[in-house]
Amino acid sequence: MIEVVRPGPLATVQDLGRPGHAHLGVPRSGAADERALRLANRLVGNPEGVAGVELTFGGATLRFHEPAWIAVAGAPAPFSVDGRAFGTHAPCYVAAGGVVDVGTPRSGLRTYLAVRGGVTVDAVLGSRSTDLLSGLGPAPLAACDRLPVGSAKGLDDITVDIAPTSPMPETPVLRIVAGPRDDWFTDEAMATLTSTRYEVSTDSNRVGVRLNGPPLARAREGELGSEGMVTGSLQVPPSGLPIIFLADHPTTGGYPVVAVLDPTAVADAAQLRPGQMLRFRL
């Protein structure tokens, strides 16, 4: 068991989500930064898709009631075991009764803690992920919660000492593909989107990253019928300010999507913190 002593601003259980149910109105959900969760799992010998803990802006304390191997990846947060500092992106042993403290990340927003054997809370529709939009899966973690850990029997050996990753740029550049509704916007709107900086709003969450900056002008009026939405869509509401859809985004929407993030850019979008600046590139 892992006991939650302090969850921080927002801590949830996440795996790679529940794909295949969008026709029922069920979002995929899952880790906002899949790349970081996959890496943390590999570092402790887990299959990439087992559940771990997603921490938003760190600030968590966890007590391990049994010996465990863990790895922390994603936003580089300082963390310690029983007061002794350890580095992220490397496997770390925790003795029975050990207390893990995760501080505030120096950059980025979401940090992932994987434990060998995985977090084995009850699955809903094939996933253990918390979905903040639909309410499926376990509730966000609270003090005194206890998380079961699976068996390590049959898992790969731990063979990696450390897996260094590149730091996130101060002003990330997210690659996009135009459409499917870029024809609803003026040519100047796309030029604005790809030539100016946007700021991450404090209203952002796992559903989407809201942006502040120059609005995108429409070339036509009216509204769309609801159509399917994918992770990474840049949906533009009447304000003209785009929203980047993340893991808990709705499955359909009626506002036009001017562009979609390249799949490799979604993980970077998930690490954007309020007040940070970013750019888009076609």
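J.: Is there a simple way to think about helix α1 (residues 34–43) in this case?
T.: Count 3.6 residues to each turn of an α-helix, and residues three or four apart come out pointing the same way. Of the residues making up α1, those classed as buried are Ala-36, Leu-37, Leu-39, Ala-40, Asn-41 and Leu-43. For α1, the secondary structure elements touched by its buried residues are β2 (10–14), β3 (52–56), β5 (68–74), β8 (91–94) and β10 (110–115). Where α1 begins, the capping side chain belongs to Asp-33, and its oxygen is found 3.2 Å from the backbone nitrogen of Arg-35. Just downstream of α1 lies Gly-45, where phi reads positive at about 80 degrees.

J.: Can you walk me through unusual backbone geometry in this structure?
T.: It is generally the case that most residues other than glycine have a negative phi and that most peptide bonds are trans. Residues Gly-179 and Pro-180 are joined by a peptide bond in cis, for which omega reads 15 degrees. Locating Pro-180 in the fold gives a position in the loop between β12 (173–178) and α2 (187–195). One non-glycine residue, Leu-125, lies in the positive phi region at around 55 degrees. Within the secondary structure layout, Leu-125 lies in the loop between β10 and β11 (146–147). The backbone of Cys-144 sits at a positive phi, close to 80 degrees, despite the residue not being glycine. What makes Cys-144 exposed here is its relative accessible area of 61%.

J.: I'm lost on the pattern of salt bridges in this one. Help?
T.: As a working rule, side chains carrying opposite charge can pair if their charged atoms are close by. Applying the stated criterion across every chain yields a total of 11 salt bridges. We note a salt bridge from Arg-181 to Glu-227, for which the minimum N-O separation is 2.8 Å. With Arg-181 in the loop between β12 and α2 and Glu-227 in strand β15 (residues 227–228), this residue pair connects regions lying 46 residues apart in the sequence. Under the relative-accessibility criterion, Arg-181 is labelled partly exposed at 26%. A network of salt bridges, in which partner residues are shared, links Arg-28, Glu-34, Arg-38, Arg-42 and Glu-48.

Quick notes on the rules
- Residues numbered from 1 in each chain as written.
- Predicted model: local features only at pLDDT ≥ 70, side-chain atom pairs only at ≥ 80, totals over all residues.
- Heavy atoms only, no water.
- Buried < 20%, exposed > 50% of the residue type's maximum accessible area, 1.4 Å probe, protein only.
- Helix = DSSP H or I, 4+ residues; strand = E, 2+ residues; numbered from the N terminus.
- Contact = heavy atoms within 4.5 Å.
- Polar contact = N/O pair within 3.5 Å; in protein donor to acceptor, adjacent residues only side chain to side chain.
- Salt bridge = Lys/Arg side-chain N within 4 Å of Asp/Glu carboxyl O.

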